[in-house]
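Analysis of the macromolecular model
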Amino acid sequence: MLKQAYPELVDVHLPTEANANSMVLASIRKRAAGDGTRIIKAIWDAFEQHVDLKFVMVFDEEDVKLRDWHDVIWAITTRMDPARDTLVRGNAVDDLESLVAAVGSKMGLDATNKWPGESTREWGTPISKDPAIVAKVDDMWSKLGL
């Protein structure tokens with residue numbers, strides 16, 4: 001249903017490391033400035049009754065594989081300014097996890113590449129490997145017995 005309402009949403013992953021219910025990773029095909037934030041809010045609204053959901057992280061689909069923690073960490077550390085790209089929704093009902101009964105919070109991280117209007121700084125240009133060099137190194141591993 002989310003994909004019908006938000007066509008820029010490409011994939012959603014609930015990592016087992018987060019009990020498959022405390023974190024949502026989403027990839028989008030960004031079409032406009034602010035799409036990352038919009039998707040975070042849409043996921044919060046769609047899972048409003050899901051009190052265990054604490055974190056929503058949004059990434060660009062073209063260069064972040066949601067099931068690869070290396071890609072996820074790379075995007076968080078190269079595509080985000082914590083003050084600008086973090087959303088916090090407070091006072092969410094969560095009797096199981098909060099220190100104060102029935103008060104909890106949720107955090108959203110927009111780790112998408114920034115468009116004009118979102119930042120004037122260039123962020124996180126992906127580095128690609130030369131296929132010929134990769135093949136040469138792969139060949140060397142077997143010769144070295146590794």
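The structure we're discussing is the one just above.
In what follows, the accompanying structure is described.

Rules behind the numbers
- Residues numbered from 1 in each chain as written.
- Predicted model: local features only at pLDDT ≥ 70, side-chain atom pairs only at ≥ 80, totals over all residues.
- Heavy atoms only, no water.
- Helix = DSSP H or I, 4+ residues; strand = E, 2+ residues; numbered from the N terminus.
- Buried < 20%, exposed > 50% of the residue type's maximum accessible area, 1.4 Å probe, protein only.
- Contact = heavy atoms within 4.5 Å.
- Polar contact = N/O pair within 3.5 Å; in protein donor to acceptor, adjacent residues only side chain to side chain.
- Arc of directions from axis to C-beta.
- Salt bridge = Lys/Arg side-chain N within 4 Å of Asp/Glu carboxyl O.

Some remarks on the side chain of Lys 106
By secondary structure assignment, the location of Lys 106 is in strand β5 (residues 104–111). Lys 106 sits in the buried class, given a relative accessible area of 9%.

Brief notes about the environment of Asp 71
Turning to its location among the elements, Asp 71 is positioned in helix α3 (residues 69–79). Between the alpha carbons of Asp 71 and Phe 59 there is a distance of 9.6 Å; along the sequence they are twelve residues apart. In this view, Asp 71 contacts Asp 63, Val 64 and Lys 65; residues no more than four positions away in its chain are not counted. A distance of 2.9 Å separates a polar atom in the side chain of Asp 71 from the backbone nitrogen of Lys 65.

Considerations on α3
Of all the residues in α3, the buried ones are Asp 71, Val 72, Ala 75 and Arg 79. Summarising the axial view, the buried residues of α3 lie within an arc of 100°, below the 170-degree limit, and thus occupy one face. Opposite the packed face of α3, turned more than 90 degrees from it, sit the exposed residues His 70 and Thr 77. Between the side-chain oxygen of the N-cap and the backbone nitrogen of His 70 there are 2.9 Å, and the N-cap of α3 in question is Asp 68.

Comments concerning the pattern of salt bridges
Applying the stated criterion across every chain yields a total of 14 salt bridges. The shortest N-O distance in the salt bridge between Glu 8 and Arg 31 comes to 3.5 Å. Remark: Arg 31 occurs in the loop between β2 (23–28) and α2 (35–46) and Glu 8 occurs in the loop between α1 (2–5) and β1 (9–13); sequence separation between them is 23 residues. The class of Glu 8 is buried, set by a relative accessible area of 1%.

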